[in-house]
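# An overview of the molecular structure
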Amino acid sequence: MEKITLTVPASRVLSGRALAGVVGSGDMEVLFSADQGQTLTIDITTSVDNSRRRWDALFNRLQTVSSLPAGKLTIHDFGATPGVARIRIEQVFEEVNHA
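Reading guide: rules and limits
- Residues numbered from 1 in each chain as written.
- Predicted model: local features only at pLDDT ≥ 70, side-chain atom pairs only at ≥ 80, totals over all residues.
- Heavy atoms only, no water.
- Helix = DSSP H or I, 4+ residues; strand = E, 2+ residues; numbered from the N terminus.
- Rg over C-alpha atoms; globule rule 2.2 N^0.38 Å.
- Buried < 20%, exposed > 50% of the residue type's maximum accessible area, 1.4 Å probe, protein only.
- Contact = heavy atoms within 4.5 Å.
- Areas by Shrake-Rupley, 256 points an atom, 1.4 Å probe, with all protein chains shown as cover.
- Lys, Arg positive; Asp, Glu negative; His and termini not counted.
- Charge placed at Lys NZ, Arg CZ, Asp CG, Glu CD.
- Expected span 1.5 Å × (residues − 1).
- Arc of directions from axis to C-beta.
- Pairing = 2+ DSSP bridges.
- Axes fitted to C-alpha atoms, helices over the stretch in contact; angles between N-to-C directions.
- Phe/Tyr/Trp six-rings, centres within 6.5 Å; stacked < 30°, edge-to-face > 60°.
- Patch = residues over 30% accessible without salt bridge, like charges linked within 9 Å, V, L, I, M, F, W, Y side chains within 5 Å.
- Salt bridge = Lys/Arg side-chain N within 4 Å of Asp/Glu carboxyl O.

The subject of this paragraph is the overall build of the protein. Of regular secondary structure, the protein possesses 2 helices and 5 strands. Along the protein, helices and strands appear, N-terminal first, in the series β-β-β-β-α-β-α. In terms of C-alpha radius of gyration, the protein reaches 12 Å, essentially the compact-globule figure of 13 Å for 99 residues. Structurally, the protein occupies a C-alpha span of about 30 × 25 × 20 Å along its principal axes. Of all 99 residues assigned to the protein, the portion counted as buried reaches 37%. Here the analysis covers contacts within the protein between residues at least 6 apart in sequence; of these, 80% occur between residues at least 24 apart. Summing over all exposed atoms, the protein offers an accessible surface of approximately 5,400 Å²; the carbon and sulfur share of this is 50%. Taking the average location of the 10 positive side-chain charges in the protein and that of its 11 negative ones, the two points are 3 Å from each other.

Bringing helix H2 (residues 82-97) into the picture now. The terminal C-alpha atoms of H2 lie 22 Å apart, and with 16 residues this matches the ideal 22 Å at 1.5 Å per residue to within 8%. Regarding H2, the residues found buried are Ala85, Arg88, Ile89, Val92, Phe93 and Val96. Angularly, the buried residues of H2 cover 130° about the axis, an arc narrow enough to put them on a single face.

Right, let's get into the sheet that holds strand E2 (residues 17-21). Pairing within the open sheet is mixed, and its 5 strands lie in the order E1-E4-E5-E3-E2. A strand with exactly one partner marks an edge of an open sheet, and here the two such strands are strand E1 (2-9) and E2. Taken pair by pair, the neighbouring strands of this sheet meet at an average axis angle of 10°, ignoring direction. Where helix H1 (residues 52-65) meets the sheet, it contacts E1, strand E3 (28-34), strand E4 (39-46) and strand E5 (71-77), and its direction lies at approximately 25° from that of E1. Across the face of the sheet, H2 comes into contact with E2, E3, E4 and E5 while running at roughly 150° to E2.

Tallied over the entire structure, the rule returns 2 aromatic pairs. Both rings, one in Phe32 and one in Phe93, keep their centres 5.2 Å apart while their planes meet at 85°; by these two values the pair is edge-to-face. Of this pair, Phe32 sits in strand E3 while Phe93 is found in helix H2, placing the two residues 61 residues apart along the sequence. The class of Phe32 is buried, set by a relative accessible area of 1%.

Our focus in this paragraph is a nonpolar patch on the surface. Taken together, Met1, Val23 and Phe78 make up a surface patch of nonpolar side chains, about 270 Å² in accessible area. Tracing the backbone shows Val23 in the loop between E2 and E3. On the accessibility criterion, Val23 (31% relative accessible area) is partly exposed.

Here it is, written out as structure tokens:
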């Protein structure tokens with residue numbers, strides 16, 4: 001298991017909390033808690049060692065295609081593909097955006 005913490009600039013403010021995915025599903029779960037700050041802090045626990053570059057690349061890509069909200073994102077990854085990771089992350093942001 002590897003633990004990774006990333007901090008990226010946030011360009012929008014939301015309110016609320018959301019969950020997408022289930023750890024027992026075999027891929028990943030993502031929990032998001034909004035706050036009023038100017039950064040998004042991402043805490044990742046992953047079963048894939050040496051994956052920091054993959055996560056850095058994923059969040060760099062997300063920053064270029066959408067505005068990230070301020071808050072805390074907690075990810076429990078058990079070998080999900082980058083595509084599944086992106087879907088789960090976008091799901092929690094969308095759920096909080098529509099709450």
